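Each chain, letter by letter, is given below.
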Amino acid sequence: MNKFFVLIIVLGLVAMNGCSKSDEGTGEPGGKNKAVSNEAIQTASEGKTEANSEPRLLAGETGLSPRWGSGWLDLPTVTDFAAGDVLQLRIGGTAAKVLVRLLPEGTFPDSSVGIVGGAVIVPENRIVDIVLDNDRKNIIQISVHGGPNPWGRFLLGGGNGPATLESATLVR
């Protein structure tokens, strides 16, 4: 009878230990594995943002203005970006320096509201990584601005050419 009782106790402990091990890989607080969710990133209109370890090409309609030396990506839905997010932007055009802007909903596209940091030097491979230092909420457009002096307020240099935005990738 004692052997049967010990066997039941051991099986119960093994079963409980097995359940706790399977929870470790879920990324829940206290789990040792801290796995990152593979769920799709949700936009601000859906109310929350989920983690995603894979780079995600951002969809939307691109546009450009030769007159202003700028290019943009209009996002299909209002989107929130978080501090620490990295935007990998493929820059077209001939600009050696660009300004990057995340335009919030309700803001006129001809304003400089939403500039991220300052001037960014475009490397030879034409891909710039922008690490966001704070949350950016309700974003409807990502744009890059070249030329000698965007909005008459940001001196990028007399020989600086125009910029276009060929693609934008989000890395979380």
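Residues numbered from 1 in each chain as written. Predicted model: local features only at pLDDT ≥ 70, side-chain atom pairs only at ≥ 80, totals over all residues. Heavy atoms only, no water.

### What about the environment of Leu99?
Mapped onto the elements, Leu99 comes out in strand β5 (residues 97-104). Using a relative accessible area of 1% as the deciding quantity, one classes Leu99 as buried. Linking Leu99 and Pro150, residues 51 residues apart in sequence, is a C-alpha distance of 8.2 Å. Those residues in contact with Leu99, other than ones at most four positions away along the chain, are Ile115, Gly118, Ala119, Ser143, Val144, His145, Pro150, Trp151, Phe154 and Leu156. (Helix = DSSP H or I, 4+ residues; strand = E, 2+ residues; numbered from the N terminus. Buried < 20%, exposed > 50% of the residue type's maximum accessible area, 1.4 Å probe, protein only. Contact = heavy atoms within 4.5 Å.)

### What about the pattern of salt bridges?
Overall, the coordinates contain one salt bridge when judged by the stated rule. In this structure, Arg172 engages Asp85 in a salt bridge whose closest nitrogen and oxygen atoms are separated by 3.0 Å. Note that Arg172 is positioned in the segment after β9 (163-171) and Asp85 in the loop between β3 (70-81) and β4 (86-93), a separation of 87 residues in sequence. Among the residues examined, Arg172 registers a relative accessible area of 24% and is labelled partly exposed. Classification of Asp85 by relative accessible area gives buried; the value is 4%. (Salt bridge = Lys/Arg side-chain N within 4 Å of Asp/Glu carboxyl O.)

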